[in-house]
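# Topology and contacts: notes
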Amino acid sequence: MADIVIVGAGPQALTLSCLLLQKRPRLQRRLRIVDPSGRWLSRWQRQMDQYEIPWLRSPSPHHPHPNAHALRQFAQSRQRQRQLEGAYGLPHTDLFAAFCREVISEFGLEGRVQAASVEHIGLPANGKGPLDLSLSDGTSVQAGRVVIATGSGSPQWPAWSKGIAGEVPADALQHSDAIDLPALRLRPGERILIVGGGLTSAHLSLGALRRGARVQLLCRRTLKQKPFDADPGWLGPKYLKSFHAEPCMHRRRRLVLEARDGGSITPEAAAELRQAQRRDVLQLHEHCEVQAACWRSDQWDIVCTRGQRLAADRIWLATGHQQSVSQQPLLQQLHQQQPIELVADWPVLEPDLRWPGTPVHLMGGLTALQVGPAARNLFGGREAAQRICRAVVKQ
């Protein structure tokens, strides 16, 4: 039996693994990590590569090592300080990846990710005893505690995209999850309509422009620019103190949504987009939404909410992911076995991020009612890891 099984091998799962092993080294042989890729940070690295992201949006103290200064010390020891951008020390992607490899080695976590997914989770019948996990490779595991850290949720498709009639080529309409910029083969001057107002839409726009495409970026509001995806006050007690004191979970959810504010792009990305506008290879359509789209004569005919008509060869949807209990099979199973309070399909967890009445903890975006607006980011991963680790250590 494993003491703890962590489902997922992304940055948050790595953050928790390192902190647990620092506090309880004896867990080294009784900690199990399960992820379909069989590797640490596989999905994270794939996203960095497929969107050609130059550097992270998180300050240098936010990373998987328990020592907040470890990334900056690593950069200094390798004479790579220039790869920490600006006053907040935003790390270049390749620096962060090299640092994480060092962290994985330091804590003896190489080769520790089992290449499988958890297909079923069974709670003990009487509330006592181990959890039963059935894995995709046909094996089963018993665990004293489980942490579900499986990432960003399922792709969110706008309603109009589900009403498109007829046959559409696979590469003519894609969610951002399916787009791999380095593998793209675009014709010179190919017209791409990108829907979304967050940083992913900016990365996709700039990647398409580098490949000679003409881009139309369509945002339902004014395109907002911020250094971080939430105000820095949410990365400490300035705002979190009153957030944690708020007893109403519906009010907490509103605070989270207001803080996230529907997505934004960095000032650096905004400056590049403005340059592209001046070169007349990018058109920005703000306060505009697609009402309907029709594929005809090998191109898109798009009608917007104000009656404006656009034409494009491809549509890319940078419309985010749906974070909800009903979108995650393991959480659906938990809710069937142990129903809990949900607020707009977000779980109301215990302070240690446990699914109430079970030894199952969550990490990531669905801990937002407890952790706050930065729950899905590296900061949120550190906060979640500390809460879960305290529960394990005092056991």
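This text goes with the structure placed above it.
Think of each chain on its own: its residues are numbered from 1, step by step along the sequence as written. Side-chain atom pairs in this predicted model are given and counted only at pLDDT of 80 or more, local residue features only at pLDDT of at least 70, and totals for whole chains, interfaces and linings cover all residues. As a rule here, side-chain values cover all heavy atoms of the structure and leave hydrogens and water aside.

## Topic: the overall build of the protein chain
A run of H or I in DSSP becomes a helix once it reaches four residues, and a run of E becomes a strand once it reaches two; helices and strands are each numbered from the N terminus. Counting its regular elements, the protein chain contains eleven helices and 21 strands. For the radius of gyration, the atom set is restricted to C-alpha positions; the globular benchmark scales as 2.2 Å times the number of residues to the power 0.38. Whereas a compact globule of 395 residues would reach a radius of gyration of roughly 21 Å, the protein chain reaches 22 Å, a difference of no more than 12%. Principal axes of the C-alpha set define a box for the protein chain whose edges measure 60 × 50 × 45 Å. Within the protein chain, the fraction of its 395 residues that count as buried is 53%. Pairs at least 24 residues apart make up 68% of the contacts formed inside the protein chain by residues separated by at least 6 positions. Computed with the Shrake-Rupley method and a 1.4 Å probe, the accessible areas treat only the protein chains shown as cover for residues. Accessible surface, the protein chain as shown: approximately 18,300 Å² in total, 48% of it carbon and sulfur. When charges are counted, Lys and Arg are positive and Asp and Glu negative, with His and the chain ends excluded. Every charge is mapped onto a representative atom, which is NZ of Lys, CZ of Arg, CG of Asp or CD of Glu. Treating the 49 positive side-chain charges of the protein chain as one cloud and the 35 negative ones as another, the clouds have centres 5 Å apart. Residue burial is assigned from relative accessible area. The probe radius is 1.4 Å, only protein chains are included, and a residue is buried under 20% of its type maximum, exposed over 50%, and partly exposed in between. Whether two residues are in contact is decided by their heavy atoms: any pair within 4.5 Å suffices.

## Some points on helix 7 (residues 249-260)
The span you would expect from a helix comes to 1.5 Å times its residue count less one. Its twelve residues give helix 7 an end-to-end C-alpha distance of 17 Å, which sits within 8% of 16 Å, the value for a rise of 1.5 Å per residue. Among all positions in helix 7, only M249, R252, L255, V256, A259 and R260 are buried. Take helix 7 and look down its axis: the buried residues cluster within an arc of 125°, on one side only. Contact partners of the buried residues in helix 7: helix 6 (237-245), strand 19 (342-343), strand 20 (346-347) and helix 10 (368-371). What the arc covers is the set of directions going from the helix axis to the C-beta atoms.

## A few points about the sheet that holds strand 14 (residues 290-296)
Criterion used throughout: strands pair if DSSP finds at least two bridges between them. The three strands are arranged 14-15-16 in an open sheet whose pairing can be described as antiparallel. Edge positions in the sheet fall to strand 14 and strand 16 (309-312), since each has one partner strand and no second. The average undirected angle you get between the axes of adjacent strands in this sheet is 20°. In terms of strand pairing, strand 15 (residues 299-304) meets strand 16 through four bridges, oriented antiparallel. Note that in strand 16 the partner of V303 across the bridge is R309. Whenever a helix is involved, its axis is fitted only over the stretch in contact; in every case the axis is a line through C-alpha atoms, and angles between N-to-C directions fall within 0 to 180 degrees.

## Digging into the side chain of H285
Within the secondary structure, H285 sits in strand 13 (residues 282-285). Here a polar contact is taken to be a pair of N or O atoms separated by no more than 3.5 Å, where protein atoms must pair a possible hydrogen donor with a possible acceptor and residues adjacent in sequence count only if both atoms sit in side chains. Separated by 3.1 Å, the side chains of H285 and Q216 make a polar contact. The residues touching H285, leaving out its near neighbours within four places in the chain, are Q216, L217, L218, C219, Q308 and L310.

## Describing the packing of aromatic side chains
Stacked, tilted and edge-to-face pairs are distinguished by plane angle, under 30 degrees for stacked and over 60 for edge-to-face with tilted covering the rest, among Phe, Tyr and Trp rings (Trp via its six-membered ring) whose centres lie within 6.5 Å. Evaluated as defined, the whole model comprises six aromatic pairs. Between W234 and F243, the aromatic rings sit 5.8 Å apart at their centres with planes inclined by 85°, giving edge-to-face as the arrangement. With respect to burial, W234 and F243 carry one shared label: buried. Residue placement shows R252 over the ring face of F243; its charged tip is 5.2 Å from the ring centre. Each ring is checked for a lysine NZ or an arginine CZ that lies within 6 Å of its centre and within 35 degrees of its normal; such an atom marks a charge sitting over the ring. Above the plane of the ring of W346 lies R253, whose end atom (NZ or CZ) is 4.8 Å from the centre.

## Describing helix 3 (residues 70-77)
Listed in full, the buried residues belonging to helix 3 are A70, L71, F74 and A75. Mapping the buried residues of helix 3 onto a view down its axis gives an arc of 140°, with all of them on the same face. For helix 3, the secondary structure elements touched by its buried residues are strand 3 (84-85), strand 4 (90-91) and helix 4 (93-106). Directly beyond the C-terminal end of helix 3, a positive phi value near 55° is found at Q79.

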